[in-house]
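Take a look at the letters that make up each chain.
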Amino acid sequence: AEEQEIQRLSAEVQSLKNPQSLSPSPRLEELREENARLKYRLNILKRSLEEERTHCTKSMMNINQRLQEIFGEAIRASCPDLDNPPLAVTPNQQPKFGDYQCNSAMAMAQMLKTQGVKANPREIAQKIIQNLPDNELIQKTEIAGPGFINIHLKRMFVSKLLTNLLINGVQPPPLASRKKVVVDFSSPNIAKEMHVGHLRSTIIGDSMCRLFEFLGYDVLRLNHVGDWGTQFGMLIAHLQDKFPDYLTVSPPIGDLQAFYKESKKRFDEEEDFKRRAYQCVVRLQSKEPDFIKAWNLICDVSRKEFQKVYDCLDIQIIERGESYYQDMMTEAVKEFEERGLVQQDEGRKIVFAPGQPIPLTVVKSDGGYTYDTSDLAALRQRLFEEKADVIIYVTDSGQGTHFQVVFAAAQMIGWYDPQVTRVEHAGFGVVLGEDKKKFKTRSGDTVRLMDLLEEGLKRSMDKLKDKERDKVLTPEELIKAQRAVAFGCIKYADLSHNRINDYVFSFDKMLDDRGNTAAYLLYAFTRIRSIARLANIDEATLRKAAETTEVLLDHEKEWKLGKCILRFPEILQKILDDLLLHTLCDYLYELATTFTEFYDNCYCVEKDRQTGEVVKVNMWRMLLCEATAAIMAKGFDILGLKPVQRM
């Protein structure tokens, strides 16, 4: 039967080769019809997929990612033998060369060379272009230089995306699954002042949480406060001496810093006080009610102080101090012992993790626990009870090695697989004074955060009065603007520097309304928002226009601004990968300056020279103003800045 089939097919092939005797076989006709039907259905599916991509999704499209999908397909088709070929698509810096660029051809030629295949990058680029699938966004491509592929986007497509943004608002890209994120940040110590390092951790950590929340993750903000340990012995002993009736009368220890210093001095100088302090620790750890009460008193005074800072900066955070993990520490140590991973070392219990320079000390020689123990217990709780998919620790870079060892130990015992769960230390540099030395007061003390924030408020008010804003704003508006500028500038100055580097704290630079500062951006935003007001256009008119007016991008400055607005999802994706928030600050600054270029070159509102009356409103340009403001507002929200309607 098989031979007969082969003969029949050979005869068919022969007859196809000989067009004179072409009496098409019925089977061939069927296949042709079937093929035509499938092609038709495929085209309908492709079209509806494209429509769905551009219309149905409310979320913003990540253009770079979409181009990577398209070029990824073309690259695989043009070099099927290459394993994991490099995929590089980036925005083009020079507009004359197009909007994006694919630089994969040169790297692919290198890879082929190492396999002994001669390849010309320009020819590979040509192949990639020929294999580009049908798509909705590329107008044309060109090969430049040694094999760069320049990509020009369709203006119509960009215009559609802007309309989508105006109608639906700034929506996050679609999320495959709603992941649970734990961010551990701020983490001051009870009975000690919060200092500038805590300020950095608080600002950076909160902004990361805001980013994750906007992207649709389920976020838990945790404050791992130092609220347990030896220092409480000396504090409680000192409390008993100074306020013997603390159990019935609430003691007036408003200034905890002074109280801490006094007790520390006694601890260092008086032997029997030191002995009593150690007994207090033991009694606190065995949870004797009077000692727990003393401990709670001290913690509450501290919390009130921390809360003042959090209120200024608009921070919400759940406190889970070291005390929370006490019983879990015992469990964690037991688990390491049962697995035979604990070694004895001069009375201490230590754990070596593979490839790590130092061991963890899980139990001290006196039987007490350490930072290592509480961090292991906290990590275990976050993985197993919180079921976190992502855990981020925001502390100074000096703790990098400590966390590296903790994470390695947790992987060694099998608590998590780094391929599945993302556990990361996001470190940051120190804050320097303008003399480039560690930021301190003149007397060499750490700077009190409340003093710093109050100084910010004072300077911000001076700045607003210099600009005579007090003459046009109501007292309420003035206070709002003062707080927005002061706290916004302190946050932005921190976030706009690469967190890994040290940064110089300077009020003068922060409050400067030129350059990449919050002051400049807040003013720019207020100006954009006022354009519609000055043209007497209300929100309802703008909303209607968004649905009926095409956003024209004929002028090069309109085109440049439109593309800049739509890069927002790419920027967020990058920050999600590397947790470097200065990228968002750089982008907002670029957006504001690109907007200014557009506004200086393209009339949005045309007025009569004599009467000053509005003669003509270019509605599509008003929509570009609107889209810019919407992105800026969302960017501010992620950075924790509060824009003000009038400034």
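Under an unreviewed UniProt entry, the name given to the chain is Arginine--tRNA ligase, cytoplasmic, and the organism recorded is Mastacembelus armatus. Among the UniProt annotations of the chain, the heading Catalytic activity (unreviewed entry) holds the following wording: "tRNA(Arg) + L-arginine + ATP = L-arginyl-tRNA(Arg) + AMP + diphosphate". As stated in UniProt under Sequence similarities (unreviewed entry), the record for the chain gives "Belongs to the class-I aminoacyl-tRNA synthetase family."

Peer 1: Just to check I follow, could you spell out the sheet that holds strand S1 (residues 89-91) for this structure?
Peer 2: Strand pairing within a sheet occurs via backbone hydrogen bonds; the two strands may be parallel or antiparallel. An order of S1-S2-S4-S3 is seen for the four strands of this open sheet, with the pairing classed as antiparallel. This sheet does not close on itself; its edge strands, each paired only once, are S1 and strand S3 (138-144). Direction aside, the axes of adjacent strands within the sheet are offset by 25° on average. Sitting on the sheet, helix H3 (residues 63-78) touches S1, strand S2 (100-102), S3 and strand S4 (148-153), and the angle it makes with S1 is about 150°.

Peer 1: Got a minute to help me understand helix H18 (residues 518-534) in this structure?
Peer 2: Residues separated by three or four positions in an α-helix point in the same direction, a consequence of the helix having 3.6 residues per turn. Taking 1.5 Å per residue, 17 residues should reach 24 Å; H18 reaches 24 Å between its end C-alpha atoms and fits that length. Most of H18 sits inside the fold, with 13 of its 17 residues counted as buried. Asn536, located one to two residues past H18, shows a positive phi value of around 60°.

Peer 1: Where do I start with the UniProt feature "domain: Arginyl tRNA synthetase N-terminal" (unreviewed entry) in the chain in this structure?
Peer 2: Sites flagged by UniProt as "domain: Arginyl tRNA synthetase N-terminal" (unreviewed entry) map to residues 65-153. The span residues 65-153 shows a helical share of 39% and a strand share of 21%, and its end C-alpha atoms are spaced 14 Å apart.

Peer 1: What exactly am I supposed to notice about unusual backbone geometry here?
Peer 2: Most peptide bonds are trans, and most residues other than glycine sit at a negative phi. Its identity is not glycine, yet Ser187 carries a phi of approximately 45°, on the positive side. Looking at where Ser187 falls in the secondary structure, it is placed in the loop between strand S5 (180-184) and helix H7 (196-214). Even without glycine at this site, Asp314 takes up a positive phi of about 60°.

Peer 1: What is the right way to look at empty space enclosed by the protein in this model?
Peer 2: Unfilled space is identified by rolling a water-sized probe across the atoms. If you walk through the whole model with that rule in mind, you get three cavities of 30 Å³ or more. In this model, the largest cavity occupies a volume close to 40 Å³. When its residues are assigned to classes, the lining of the largest cavity shows four nonpolar, three polar and two charged.

Peer 1: Teacher, can you tell me more about the side chain of Glu570 here?
Peer 2: Summarising the element assignment, Glu570 is placed in helix H21 (residues 568-578). For the buried Glu570, no salt bridge exists, and the shortest N-O distance to an oppositely charged side chain is 4.2 Å, to Arg567. Contact partners of Glu570, with chain neighbours within four places excluded, come to Asn62, Ile63, Asn64, Pro91 and Tyr100.

Peer 1: Sorry if this is basic, but what is going on with the packing of helix H20 (residues 556-565) against helix H22 (residues 582-601) here?
Peer 2: To characterise two packed helices, one gives the angle between the axes of the helices and the distance between these axes. Remark: H20 packs on H22, axes separated minimally by 9 Å, with the N-to-C direction vectors making an angle of 160°. Classified by the angle between their axes, H20 and H22 sit roughly antiparallel to one another. Classified by chirality, the crossing of H22 by H20 is left-handed. Side by side, H20 and H22 meet where Lys557, Glu558, Lys560, Leu561, Cys564 and Ile565 of the first sit next to Tyr587, Glu590, Leu591, Thr594, Phe595, Glu597, Phe598 and Asn601 of the second. The class makeup of the residues in the contact of H20 with H22 is seven nonpolar, two polar and five charged.

Peer 1: Can you help me understand the domain arrangement of the chain in this one?
Peer 2: Interfaces are often sized by the amount of accessible area the parts lose when they come together. With domains assigned, the chain is organised as domain 1 (1-53), domain 2 (58-153), domain 3 (230-314), domain 4 (321-428) and domain 5 (449-639). A separation of 35 Å is found between the C-alpha centroids of domain 2 and domain 5. With nine residues of domain 2 at the contact, the number on the domain 5 side is ten residues. Interface area, domain 2 with domain 5, both sides summed: about 780 Å², of which 63% is carbon and sulfur. Three residues stand out in domain 2 for area buried against domain 5, namely Met60, Asn62 and Asp99, and they jointly supply 51% of the buried area on that side. Run the count over domain 2 and domain 5 and you get one salt bridge.

Peer 1: Explain the sheet that holds strand S9 (residues 348-351) to me, please; I cannot follow it from the model alone.
Peer 2: Pairing is antiparallel in the open sheet, where three strands are placed in the order S8-S9-S10. In this open sheet, the two strands that pair with only one neighbour each are strand S8 (343-345) and strand S10 (360-363). When strand polarity is set aside, the average angle formed by the axes of neighbouring strands in this sheet is 45°. Bridge count between S9 and S10: three bridges; the pairing is antiparallel. For Lys349, the partnering residue across the bridge sits in S10 and is Val363.

Peer 1: Sorry if this is basic, but what is going on with the packing of helix H19 (residues 539-548) against helix H23 (residues 619-639) here?
Peer 2: It is the contact of H19 with H23, at a shortest axis distance of 10 Å, that shows an interaxial angle of 105°. Relative to H23, H19 is oriented roughly perpendicular. Of the residues in H23, those in contact with Thr541, Leu542, Ala545 and Ala546 of H19 are Met619, Met622, Leu623 and Glu626. Its residues assigned to classes, the contact of H19 with H23 shows six nonpolar, one polar and one charged.

Peer 1: Which parts of the structure should I look at to understand the pattern of salt bridges?
Peer 2: Here the idea is simple: oppositely charged side chains can pair when their charged atoms come close. Going through the model one piece at a time under the given rule, you end up with 46 salt bridges. In this structure, Arg210 engages Asp637 in a salt bridge whose closest nitrogen and oxygen atoms are separated by 3.7 Å. Here Asp637 lies in helix H23 and Arg210 lies in helix H7, a separation of 427 residues in the sequence. Look at Arg210 and you get buried, because its relative accessible area is 16%. Residue Asp637 is classed as partly exposed on the basis of its relative accessible area, which comes to 36%. Overlapping salt bridges bring together Asp206, Arg210, Glu213, Arg221, Asp314, Lys634, Asp637 and Lys642 as one network.

Rules used in this analysis
- Residues numbered from 1 in each chain as written.
- Predicted model: local features only at pLDDT ≥ 70, side-chain atom pairs only at ≥ 80, totals over all residues.
- Heavy atoms only, no water.
- UniProt positions renumbered as here; feature names shortened; annotations may be inferred.
- Pairing = 2+ DSSP bridges.
- Helix = DSSP H or I, 4+ residues; strand = E, 2+ residues; numbered from the N terminus.
- Axes fitted to C-alpha atoms, helices over the stretch in contact; angles between N-to-C directions.
- Contact = heavy atoms within 4.5 Å.
- Expected span 1.5 Å × (residues − 1).
- Buried < 20%, exposed > 50% of the residue type's maximum accessible area, 1.4 Å probe, protein only.
- 1 Å grid on protein atoms, 1.4 Å probe; cavity = no way out; pocket = protein on both sides within 12 Å on 5 of 7 lines; lining within 4 Å.
- Points joined across faces, edges and corners; volume = space filled by probe spheres on them.
- Nonpolar A, V, L, I, M, F, W, Y, C, P; charged D, E, K, R; others polar.
- Lys, Arg positive; Asp, Glu negative; His and termini not counted.
- Salt bridge = Lys/Arg side-chain N within 4 Å of Asp/Glu carboxyl O.
- Parallel < 35°, antiparallel > 145°, perpendicular 65-115°, else oblique.
- Left-handed = near helix turned anticlockwise from the far one by under 90°.
- Domains from an automatic or database assignment.
- Buried area = accessible area lost by both parts, 1.4 Å probe.

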